[in-house]
Number of protein chains: 2
Amino acid sequence: MAVTSWEDSVKSLKGVILDMCGVLYDAGEDGGSPIPGSVEAVKRLKASDLQLRFCTNETQATREVFVAKLQRMGFDISVCEVFSPAPAAVAVLKERGLRPHLLVYDGVVPEFDSVEKTNPNCVVIGDAAEKFSYRNLNDAFRVLIALEKPVLFSLGRGKYYKEDDGLKLDVGVYMKALEYACDVEAEVIGKPDPMFFQKVLDDMGIQSHQTLMIGDDLVNDVGGAQHCGMKGVQVRTGKYRPSDEKHPTVTADGYVDNLAEAVETILKLRGQ
Amino acid sequence: MAVTSWEDSVKSLKGVILDMCGVLYDAGEDGGSPIPGSVEAVKRLKASDLQLRFCTNETQATREVFVAKLQRMGFDISVCEVFSPAPAAVAVLKERGLRPHLLVYDGVVPEFDSVEKTNPNCVVIGDAAEKFSYRNLNDAFRVLIALEKPVLFSLGRGKYYKEDDGLKLDVGVYMKALEYACDVEAEVIGKPDPMFFQKVLDDMGIQSHQTLMIGDDLVNDVGGAQHCGMKGVQVRTGKYRPSDEKHPTVTADGYVDNLAEAVETILKLRGQ
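Worth saying up front: this structure is predicted, and the values here are computed from it rather than measured.

Caption draft 1: Here's a closer look at the relation of the copies chain B and chain A. When chain B is brought onto chain A, the operation consists of a screw motion whose angular component is 180° and whose axial shift is 0.0 Å, with 0.0 Å RMSD remaining. The superposition of one copy onto the other is thereby described by a two-fold rotation axis. Most of the interface of chain B is mirrored in chain A, where 100% of its interface residues again form contacts.

What follows is the structure, encoded as structure tokens:
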């Protein structure tokens, strides 16, 4: 196999950021299951000299519940290593004195416990899955359309993700729906927002060119990371589709069959 | 009151096209109720020398059921005077040999009885209201994303309409959602598609400059009609909002408080 651009940069890496759903595990009705080789791959990265963080647009549960699920699957992972949109949204809401109407999964509501929510003056939507009923979307719409200047936050802008039983629509699709209904442009919190990636880099104390992002979402993981100056590699698991490799605007720095292959390559090239 | 541009053109009119929901009646859980003065206004137009047609993006029922509802409200109206998107869609599907996956209100499904629907190779969405559940939208998405070239038809592109209990999201919002999810541009059947308006003009046998459209939707009724060369007047009933009168791209040829006022003005200026 030819050495690709990301392999060239492996020796100068100081840190790796992993997307979670579709890279570590496949989601599913029963909580999902680890992708073969991923538990071991995380363990090997942690034992290496590279820093490791996890960056997800997951908004179906609090980070505590989400991380506990991954620990049960066997992953060596802790809450402080995981960056997700809800805590970032809470910070923005408090800074701007905004009171959200929430259209999010029940499981993530506790993240917003410290935020005033009466008489809402903005809407926050996350991946709400079955909660994206007509009535709930209409309720969010009515809050927005009644505001002089509608303010809409979207926790990510993903189009779809993969669960055991097939592809499922993600929050970005409903963001577009409300944007059109109310003539408003949503503020995205989460990947691919550069501010979101920067917080992860700050936490590791390293620069973007020293960092590799590995994800299954070509636009939000790979393209978002590249936009910040990182290298971006796409795994052929999760929501990956063969057409991603001829995408009109985003080209990954490399493609690997799965996380295990990526980690094997990284550690081999670094002589570990 | 100053004479506005549409009043100047009243004498040369040969026909009038009326939008229905928000002009003739307000929709509601119980079937809706006529807007005061509208039953009489339709009667007066019918007694005049003007041709009259009705043009709706209504897709919650077959034309037969829909017209029967309006007749029960007291309107003098018959099925052959009403133009709605579902029959137009059926014609397009047959012409192109397409087999639709339908995401529409149950009541309109019989319009598609004559169309083959097994092994679908396109998706047709209409105003499905409560049927726009997460599961149903996801099912439509899965059909589209599995096609090499997704084909999506949208019966109208309205943002919202008004029912007795408030504003409700319309089909255009879900069209935008699926467009974004699948990187596809929907083909719109219904207002404001010029082909759709042209069929109504053809039926009356008159030219666009001889025709006035009266509607409550500034963009789809008024703007759509103007785009075809008709005059377009907006009523301040239905989904009308004061901000429509300072819309960035569409300016109606006139505004009237309701259909009764429009008809009163038309007949007075024509000496009837």
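Caption draft 2: Geometry of the environment of A41 of chain B. Residues and elements named next belong to chain B. Following the sequence through the fold, A41 ends up in helix α2 (residues 38-47). Given the relative accessible area of 3%, A41 is considered buried. Sequence separation between A41 and V82 is 41 residues; the distance between their C-alpha atoms is 17 Å.

Caption draft 3: Broad picture of helix α8 (residues 218-227) of chain B. Residue and element names in this part refer to chain B. Among the ten residues that make up α8, seven are buried, leaving the element largely enclosed by the rest of the structure. Residues L218, N220, D221, V222, G223, G224 and A225 constitute the buried set of α8. On its buried side, α8 packs onto α7 (194-204), β12 (211-215), β13 (231-235) and β14 (254-256). In this structure D217 caps α8, since a side-chain oxygen of it lies 3.1 Å from the backbone nitrogen of V219. Positive backbone phi, at 100°, marks G229, one or two positions downstream of α8.

Caption draft 4: Region of the structure containing the packing of helix α2 (residues 38-47) of chain A against helix α9 (residues 259-269) of chain A. All names here are of chain A. It is the contact of α2 with α9, at a shortest axis distance of 8 Å, that shows an interaxial angle of 25°. Relative to α9, the element α2 is oriented roughly parallel. Crossing geometry of α2 relative to α9 is assigned as left-handed. In this structure, α2 contributes S38, A41, V42, R44 and L45 to the contact, and α9 contributes L259, A260, V263, E264 and L267. Residues belonging to the contact of α2 with α9 are distributed by class as follows: seven nonpolar, one polar and two charged.

Reading the values: rules and limits
Residues numbered from 1 in each chain as written. Chains lettered and ligands numbered in written order. Predicted model: local features only at pLDDT ≥ 70, side-chain atom pairs only at ≥ 80, totals over all residues. Heavy atoms only, no water. Least-squares fit on C-alpha atoms with pLDDT ≥ 70 in both. Contact = heavy atoms within 4.5 Å. Helix = DSSP H or I, 4+ residues; strand = E, 2+ residues; numbered from the N terminus. Buried < 20%, exposed > 50% of the residue type's maximum accessible area, 1.4 Å probe, protein only. Polar contact = N/O pair within 3.5 Å; in protein donor to acceptor, adjacent residues only side chain to side chain. Axes fitted to C-alpha atoms, helices over the stretch in contact; angles between N-to-C directions. Parallel < 35°, antiparallel > 145°, perpendicular 65-115°, else oblique. Left-handed = near helix turned anticlockwise from the far one by under 90°. Nonpolar A, V, L, I, M, F, W, Y, C, P; charged D, E, K, R; others polar.

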